[in-house]
Amino acid sequence: MTGKRINKKTKARHQKKKEDVKRISKDRIKTLFKQAVDTFKENSKLSDRYVTLARKIAMKYKIKFTSTQKRKFCKHCYCFLMPGKNCTVRTTGKTITYSCKNCKKFTRISYKKKSSE
Ligand SMILES: [Zn+2]
């Protein structure tokens, strides 16, 4: 009656490793966005580069950006957005509209109260 399933355990461990990679990548993305903010004043082009890198990591590991991260770059030209600097922010009811000064396009984000993120 005491049949321990070792095989199942090893499988679980393997999955954990995969999760670790995801967790590390998420951290990396977070850091990249932080660096993009920090560097913007001195070098906005470098900020754009950080966004590109973050997007590449996200695509590779199928990671979704958090709603906060999504607001930090333009959906059309993928440049890093700094409100008041290279984009203007307007809130209309339930959506936030970011207008990118780089490509002159709008990015609309609806904001709802979320339980997570
Ligand atoms: Zn843009």
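Our subject in this report is the structure included herewith. All values derive from a computational prediction rather than experimental measurement. (Residues numbered from 1 in each chain as written. Predicted model: local features only at pLDDT ≥ 70, side-chain atom pairs only at ≥ 80, totals over all residues.)

## What to know about the sheet that holds strand E2 (residues 95-100)
Strand order in the open sheet formed by 3 strands is E1-E2-E3, and the pairing between neighbours is antiparallel. With one partner strand each, in any of the chains shown, strand E1 (87-92) and strand E3 (106-110) form the two edges of the open sheet. For this sheet, the mean inter-axis angle between neighbouring strands, taken without regard to orientation, is 20°. Bridge count for E1 against E2 is 6 bridges, and the pairing is antiparallel. Counterpart to Thr91 in the pairing with E2 is Ile96. (Pairing = 2+ DSSP bridges. Helix = DSSP H or I, 4+ residues; strand = E, 2+ residues; numbered from the N terminus. Axes fitted to C-alpha atoms, helices over the stretch in contact; angles between N-to-C directions.)

## Considerations on the nonpolar core
Counting 15 residues, the largest nonpolar core has Phe80 and Leu81 as its most contacted members. Elements with a minimum of two residues in this core: helix H1 (6-40), helix H2 (44-60) and E2. If you tally residues by element for this core, the top one is H1, at 4 residues. Residues contacting Leu81, with those up to four places away along its chain left out, are Lys72, Phe73, Cys74, Asn86, Cys87, Tyr98 and Cys100. (Core = buried A, V, L, I, M, F, W, Y, C linked by C-beta atoms within 7 Å. Buried ≥ 20, exposed ≤ 12 C-beta atoms within 10 Å, placed from the backbone. Contact = placed C-beta atoms within 7 Å.)

## Description of unusual backbone geometry
Within the chain, Lys62 stands out as a residue other than glycine whose phi angle is a positive 50°. Although it is not a glycine, Tyr78 sits at a positive phi angle of roughly 60°. The residue Tyr78 is located in the loop between helix H3 (67-70) and E1 in this model. Here Tyr78 falls in the partly exposed class, since 16 other C-beta atoms lie within 10 Å of it.

## Things to note about the environment of Ser47
Mapped onto the secondary structure, Ser47 falls in helix H2. Measuring from C-alpha to C-alpha, the distance between Ser47 and Ala36 comes to 4.1 Å, with 11 residues separating the pair along the chain.

## Some remarks on H2
Here H2 is 17 residues long and its end C-alpha atoms lie 25 Å apart, about the 24 Å a rise of 1.5 Å per residue gives. By the burial criterion, the buried members of H2 are Ser47, Asp48, Tyr50, Val51 and Ala54. Viewed end-on, H2 has its buried residues packed into an arc of 155°, placing them on one side of the element. Opposite its buried face, H2 presents the exposed residues Lys45, Lys56, Met59 and Lys60, each directed more than 90 degrees away. Lys62 occupies a position one or two residues after H2 and carries a positive phi of about 50°. (Expected span 1.5 Å × (residues − 1). Arc of directions from axis to C-beta.)

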